Amino acid sequence: RSGPLAVEAAGANRFAVASEKNIRSDVSRITALSLAGVVAIFLLAFRSPRSLALAGLPVASGIVAAACASLLLFGHLDGITLGFGAALVGVVIDYPVLLLAHARLAGAAGIDAVLHRVRPGITLGALTTLASFAGLGLTTIPGLRQLAFFSVVGVGAALLVTLFVLPPFVEGRSAPAGRVRRFGELLERCLRAVSGSRGALAAASLTVLGLALAALPHLVFQDDLSKLWRTDP
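Since the model is a prediction, treat every value here as computed from it, not as a measurement.

## Points about unusual backbone geometry
One non-glycine residue, R47, adopts positive backbone phi at about 50 degrees. Relative to the helices and strands, R47 resides in the loop between α1 (12-46) and α2 (49-74).

Next up, the structure:
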């Protein structure tokens, strides 16, 4: 017949390849943009590539330690575990950032005094993160158990590196930029104001709880994973 010839192809393999291509593209783009944003904000605040390298040390150490421990225990490391686990372990960037920020704001107070001040907060944050990740290990799905183990080891290793390896290399002599110090002082004043208004804080908490309880009957349990994405035409 006359007219343009249209060639159509089908098959599960073609859908699998197309899905893999889309996922890789999305992950690469999101990772690049997120990393660029974090680095830009960090350098704007600290203006020190050395501090940026120090902040990345616990993250890298946690991922390497988790990967090695997972290989020793399970004998293999799934790509999904490595990808999602590395993202979960990435939350430990908060620990060195907190230490570096307090060291900058403390000036010549000394790293021992700074570490004494921030150690309880960092430890509490790590313990709550460890507890949440450990909860993943209670499932019967082997992949999630491996992910839980990876995340727990990674966060634990990052905590140890932050508290025991990082401090000797942290310098507090250089003062932060004026706007950074002013922003820190503003946050401190806000914190003091909130802590002094326990009644208002309790009222806000009860309001949020009430709204959550009111919305609870409208929640719909969805166990169909296909609903999480739009089907490619």
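Anyway, onward from the coordinates.
## Some thoughts on the packing of helix α4 (residues 94-106) against helix α5 (residues 111-136)
Running from N to C, α4 and α5 point in directions that differ by 155 degrees, and their axes come no closer than 9 Å. It follows that α4 is roughly antiparallel to α5 by the angle criterion. For α4 against α5, the interelement crossing comes out right-handed. Of α5, the residues touching α4 (which contributes Y95, L98, L99, H102, A103 and A106) are I111, V114, L115, R117, V118, I122, G125, A126 and T129. In terms of residue class, the contact of α4 with α5 is built from eleven nonpolar, three polar and one charged.

## Overview of the side chain of Q146
Here Q146 shows up in helix α6 (residues 142-165). Side-chain polar atoms of Q146 contact the backbone nitrogen of D78, separated by 3.4 Å. At 2.7 Å, the side chain of Q146 forms a polar contact with the side chain of T81.

## Overview of the environment of G154
You can see G154 is positioned in helix α6. Between the alpha carbons of G154 and G62 there is a distance of 4.0 Å; along the sequence they are 92 residues apart. If near-sequence neighbours (up to four positions away) are discounted, G154 is found in contact with G62, A66 and V89.

Rules and cut-offs
Residues numbered from 1 in each chain as written. Predicted model: local features only at pLDDT ≥ 70, side-chain atom pairs only at ≥ 80, totals over all residues. Heavy atoms only, no water. Helix = DSSP H or I, 4+ residues; strand = E, 2+ residues; numbered from the N terminus. Axes fitted to C-alpha atoms, helices over the stretch in contact; angles between N-to-C directions. Parallel < 35°, antiparallel > 145°, perpendicular 65-115°, else oblique. Left-handed = near helix turned anticlockwise from the far one by under 90°. Contact = heavy atoms within 4.5 Å. Nonpolar A, V, L, I, M, F, W, Y, C, P; charged D, E, K, R; others polar. Polar contact = N/O pair within 3.5 Å; in protein donor to acceptor, adjacent residues only side chain to side chain.

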